[in-house]
Amino acid sequence: ITLIGAVFCTILWIVYVTTQTEGTVDDWFLGLKLSIAILSSVIPAAMPVVTATVLAVGSQEIAKEKALVQRLSAIEEMAGMEILCSDKTGTLTKNILELNPNEIVAEPGYSNADVLLYAALASNLEHPEPIDKAVTSVADMGRHKTFKVEEMIPFDPVNKKVISTVVDRNGNRMRVLKGAPHIIMHLTANDPTDEARQEQIINGKASRGLRTLGVAIEQSPPVDPQDVHDVGVCKLVGYISLFDPPRDDTKETIELAKALGVEVKMITGDQQAIGIETAKMLGMGINICGQDVWKVDTNTKPFLNAPDFTEFCRSVNGFAGVYPEHKFKVVEALMKHGDLIGMTGDGVNDAPALKLSTVGIAVAGATEAAKGAADITLLEPGLRTIVTAIMLSRQIYRRIEAYIMYRISSSIFLQLVFWLGIVAFKFQMPTFVVLIISGINDITIMACSKDNVPTAEKPLHWDMLKTVYIGLIIGCGSTIASIIVLGLVDPESGTQIWWGGFGLDELANDPVGKGQVVCTMFIVIGLLIEYNYMLCRARKLWFIWDEHTTCKPHIIVIIPVVAACLLEIFLCVYWPKNGSFGGGGFMSGLAIDQGQGVAWIQVIILAIYCYLWAQVIDGFKWLFYVIYDGKEAGTWGLSQEQLDAKQRLADMKVKKHTEMVTRQGLDQHIQDQRQQINAEIRRQSASNLGHVGGGFAAAPGPDGGIMQLSSFSHNQRQQAMAAARAGSGLPGGQPDAVTQKRIASLEKTLADQQAAAKAMDEKMASMEAKIAQLLELASERVAANELLAELGQ
């Protein structure tokens, strides 16, 4: 805008000087002053102030919803957010953990009370976390006092365990560990059989949505270990299970986020089964990936069942068992696709992912490092605060968009009307008049920061081409309206229609009349500019308020606009005779030598004229939106039947995508069930091998086979090993009744899931056929319409 304005003003200066009869030095300086004044009115000098004001006022609105904006530009970016990677604990769930003592699994030699005691010894009593509160609320804290806690290494997202060094009343020193179940399992499992047993306990609890924590002890810890996180031989005490219920409003909020076009992906450090169970409760997709994903190089192409890691991240519903570095990789991959990504986090190690994401969101209770890396800090837990901030950011975005359209249209309008006035009509608008119009304009537009605007139903992105087009339509339309008036009131144009209509032919050619021509143009330009904001803020006709595209203007916007119009009208009527500031032309009020009655009639006629022209311009603007948005959506020129078919096709594709994602999650479930069945058979096989015949001893190997056999012939040993690996019947023994019942239950679940998968395959095949029919139907209708058009020609 500034560059184009500078070119036009340079041409204007040259034209002005060359058209002067004398061409004195004063004319050169007067032309320069006029060009600079016009350029100053064209340059969007107030744009940084207005946009900063809109964003600052918007950040206050967001702060009222318990979210602090630390970077103002993040508001615009949040308006375009398409994917939100949300943590589970505390955001999707209440982070109010409930510990049921009946769900405790104690190892032989320990009671449930012992498991709780050791878990409490690894809990922080001074600054307890929700887990610590849940444990100490049911543990026997009287027994806890008989131990002395010497040192406690708090939980961190990398090691995922708490290590507490304690001394009992007899002076025995030990270390108590409490942490993620798989971490404790790997530290305490004696062999693959024991590992499979613990794995079954963990998965059984997780499949019911219970969060499991392992408790173990190291009975002879080193006095001064080189690495405090390193532990030696540990003994499992047991597992405690906690339930973290979803927030009451989370499911509704996720549905709202989907309606706003924002996909919520769950990113959690908990187990995969817990993530899937929570996703079921919240109505989210259940295609949650586990830790196995990270065993594959993310640079591999293709990556698992997707072309690359980026497409894989886009296709799944979330990730479980993640570490902070995994969050960074997920955000990095999603951003490679060009999406605007939001990321929540609370820990020090989350800072890189928060910094990388488009909008980093530090949740309530986050560390200072996380807050420093984030763009927005939540003061209240839960997903609703984030979704509310998204809705408000879209409203703020629309206010800025309306202002930029208005600023572009005003710059085009002022540039063209002054340029054409001097070049085509030899009409010179005094510089002080230009500055008065610009000053009133900039003051009134500040109120747009409080305007009522609807929340967009999809993410918003800048479309500068559309913005410039709207500015051209409104700016050029306003220029045409002003030039018509100039042709009617300027005596130099050779017409006397305006002044003759009021019987003022003789007034038109004296100095007062020339000043009133300036005054007439002042009121026309001033009113059109004020009307233009009402046009820019509406996507349809400015007076149609449907709460989806345009809201009723706020009273704070109406008052300045009305006040500006009244001020310009009174200045037009009562401006002093030949009044001027700084030389270079003058202006005379319409009431001078005409009488107030005639002057007010003229002003009313001009106001009505400007209003009617604004409606014409608004109609062209609305027509442009219909055509532009229709072409963008591919609906322009289609019949109603074609539009209906296109909508059904779009709905069908969404359903197909949903079914595909669900199928991927179901495939994962089937794979998990198969692994559980195989693990159970291998465990029972190894157990049976230890009871076959006299003198037979077996130790399971890393692959579920046999490490050592005795008292059998070579052929017998080979048969036993083959049978154990195949999970089939074994010589001398069969699975016990409990194991058989468990395997039968797993096999039934597997059969049900396979039947569901088959039904889903049939459903997806039916969808494919319907989509093909819709595509054929739409193409046939388009071809038929084209044929009819040719026949019509």
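When you look at the overall build of the protein in this model, what are you seeing that I'm missing?
Helix and strand counts for the protein stand at 26 helices and 15 strands. Counting only residues that meet the buried cut, the protein has 49% of its 793 residues in that class. Accessible surface for the protein amounts to roughly 36,100 Å². Of this, 59% is attributable to carbon and sulfur atoms.

What is the right way to read the sheet that holds strand S11 (residues 288-289) from this model?
By definition, the strands of a sheet pair up through backbone hydrogen bonds, in either a parallel or an antiparallel sense. In spatial order, the strands read S1-S15-S14-S13-S2-S10-S12-S11; together these eight strands make up an open sheet with mixed pairing. Two strands bound the open sheet, and with one partner strand each, they are strand S1 (67-69) and S11. Relative to strand S15 (residues 376-378), S1 runs antiparallel, the two sharing three bridges. The residue bridging Leu68 from the neighbouring strand is Thr377, located in S15.

Where do I start with a nonpolar patch on the surface in this structure?
On the surface, a cluster of nonpolar side chains totalling about 500 Å² of accessible area is made up of Trp462, Met464, Leu465, Val468, Tyr469 and Leu472. Following the sequence through the fold, Trp462 ends up in the loop between helix H17 (431-445) and helix H18 (464-489). Overall, Trp462 belongs to the partly exposed group, its relative accessible area being 34%.

Can you help me understand the pairing of strand S2 (residues 83-87) in this one?
Walk down a regular strand and you will see the side chains alternate between the two sheet faces. Taken across its five residues, S2 has five buried, putting it largely inside the fold. Of the two faces of S2, the one lined by Ile83, Cys85 and Asp87 and the one lined by Leu84 and Ser86 are each fully buried. Note that S2 and strand S13 (residues 341-345) share three bridges and pair parallel. Bridging from a neighbouring strand, Cys85 pairs with Met343 of S13.

Just to check I follow, could you spell out the environment of Lys235 for this structure?
Position of Lys235 among the secondary structure elements: in strand S9 (residues 235-243). For Lys235 and Glu107, which are 128 residues apart along the polypeptide, the C-alpha to C-alpha distance reads 9.5 Å. Residues in contact with Lys235, not counting those within four places in the same chain, are Tyr110, Thr188, Ala216 and Ile217.

Sorry, what's going on with the pattern of salt bridges here?
Pairing is possible between side chains of opposite charge, provided their charged atoms come close. Applying the stated criterion across every chain yields a total of 25 salt bridges. Note that Arg384 and Asp249 form a salt bridge whose closest N and O atoms lie 3.2 Å from each other. Taken together, the residues Arg384 in helix H16 (residues 384-425) and Asp249 in the loop between S9 and helix H10 (250-259) connect sequence positions 135 residues apart. A salt bridge links Asp442 to Arg407, with the nearest nitrogen and oxygen atoms 3.5 Å apart. Highlighted residues: Asp442 in helix H17 and Arg407 in helix H16, separated in sequence by 35 residues. On the basis of relative accessible area, Asp442 is assigned to the partly exposed category, the value being 27%. Each of the salt bridges in this network shares a partner with another, and the network as a whole consists of Arg71, Glu77 and Asp375.

Looking at this structure, I do not really get helix H22 (residues 555-574). What am I missing?
An α-helical turn contains 3.6 residues, so any two residues separated by three or four positions project in the same direction. Between its first and last C-alpha, H22 extends 28 Å over 20 residues, near the 28 Å set by a 1.5 Å rise per residue. Looking only at H22, the buried set comprises Val557, Val561, Ala564, Cys565, Glu568, Ile569, Cys572 and Val573. End-on, the buried residues of H22 take up no more than an arc of 165 degrees, which puts them together on one face.

For this particular structure, what's the right way to read the nonpolar core?
Note on soluble globular proteins: their nonpolar side chains tend to be buried together. Core analysis: the largest hydrophobic core is formed by 101 residues, its most contacted members being Met429 and Ile525. Considering each element in turn, this core owes the most residues, 19 residues, to H16. Setting aside its immediate chain neighbours within four residues, Ile525 contacts Phe413, Leu414, Val417, Phe418, Met429, Ile437 and Ser482. Judged by nonpolar contacts, the second largest core, of 28 residues, contains Phe303, Phe319, Ala362 and Ala373.

About the cut-offs
- Sequence order as written defines the numbering, with residues in each chain counted from 1.
- At least 70 in pLDDT is required for a residue's local features to be given in this predicted model, at least 80 for side-chain atom pairs to be given and counted, and no such filter applies to totals for whole chains, interfaces and linings, which use all residues.
- Hydrogens are left out, water is left out, and the side-chain values use all remaining heavy atoms of the structure.
- For the purposes of this entry, the term helix denotes a DSSP run of H or I that reaches at least four residues, the term strand denotes a run of E that reaches at least two, and both are numbered from the N terminus.
- With a 1.4 Å probe rolled over the protein chains alone, any residue whose accessible area is under 20% of its type maximum counts as buried; one over 50% counts as exposed, and the rest are partly exposed.
- Only the protein chains shown count as cover for residues, and the accessible areas themselves come from Shrake-Rupley with a 1.4 Å probe.
- When DSSP finds two or more bridges between a pair of strands, those strands are recorded as paired.
- For patch building, the residue pool is restricted to those with more than 30% relative accessible area and no salt bridge; the joining distance is 9 Å between like charges and 5 Å between nonpolar side chains (Val, Leu, Ile, Met, Phe, Trp, Tyr).
- Between Lys or Arg on one side and Asp or Glu on the other, a salt bridge is scored when a side-chain nitrogen of the former is within 4 Å of a carboxyl oxygen of the latter.
- Contact between two residues is taken to exist if any of their heavy atoms lie within 4.5 Å; hydrogens are not considered.
- To estimate how far a helix should extend, the number of its residues minus one is multiplied by 1.5 Å.
- The arc in question is formed by the directions pointing from the helix axis toward the C-beta atoms.
- For our purposes a nonpolar core is just a set of buried Ala, Val, Leu, Ile, Met, Phe, Trp, Tyr and Cys residues, chained together by side-chain atoms within 4.5 Å.

In short, shape yes, function no, at least from these values alone.
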